[in-house]
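One-letter residues, chain by chain:
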Amino acid sequence: LYLNQSVPYLEEPPDPLQFYRDWIGPNKPCIIRNAFSHWPALSRWTPEYLREKVGSKVISVAVTPNGYADAVSGDRFVMPEERQMSFSSVLDIIEGKV
C-alpha cells in the first residue's frame with residue numbers, strides 16, 4: 001500500500017527492468033516526464049493529417065453538457081449520451097468549427 005503524500009517524478013523513462021523492480025513490483029506510482037517527446041506522432045498527427053487518414057471513420061462519442069462522462073449531477077449519477085460520429089465531425093467540434 002502506497003501511503004506517501006506525493007507522487008515522485010522521474011525525469012526520463014527508466015529501463016524496463018528497473019521500472020518493474022522500482023515501481024511495478026512494489027506497486028508504487030510515479031510520473032514519468034519526457035517519456036514520449038521523441039514520438040513522430042507529436043508532429044505528424046495534425047488535424048489535417050487525421051482527417052486525411054481516418055476522417056471518414058465512424059466512432060462512438062460520449063456527449064455530455066459539461067464535458068464530464070459518468071458523473072454525479074445534483075443528486076443523481078448520470079451517464080453520457082452515446083453518439084456515432086465521423087472522426088472529422090469530432091475534430092470540427094474540438095476545433096470550434098461547429
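Residues numbered from 1 in each chain as written. Predicted model: local features only at pLDDT ≥ 70, side-chain atom pairs only at ≥ 80, totals over all residues. Heavy atoms only, no water.

1. Considering the overall build of the protein chain
So, point 1. Along the protein chain, the regular secondary structure elements total four helices and six strands.
So, point 2. Start at the N end of the protein chain and walk to the C end: the helices and strands fall as β-α-β-α-α-β-β-β-β-α.
So, point 3. Taken over the C-alpha trace, the protein chain has a radius of gyration of 20 Å; the compact-globule value for 98 residues is 13 Å, which it surpasses by more than 25%.
So, point 4. By its C-alpha atoms, the protein chain is 45 × 45 × 20 Å across when sized along the principal axes.
So, point 5. Evaluated residue by residue, the protein chain yields a buried proportion of 12% over its 98 residues. (Helix = DSSP H or I, 4+ residues; strand = E, 2+ residues; numbered from the N terminus. Rg over C-alpha atoms; globule rule 2.2 N^0.38 Å. Buried < 20%, exposed > 50% of the residue type's maximum accessible area, 1.4 Å probe, protein only.)

2. A look at the environment of Ile31
So, point 1. Inspection of the secondary structure puts Ile31 in strand S2 (residues 31-32).
So, point 2. Note: C-alpha distance between Ile31 and Tyr9 (22 residues apart in sequence) is 4.8 Å.
So, point 3. Setting aside residues up to four positions removed in sequence, Ile31 forms contacts with Val7, Pro8, Tyr9 and Leu10. (Contact = heavy atoms within 4.5 Å.)

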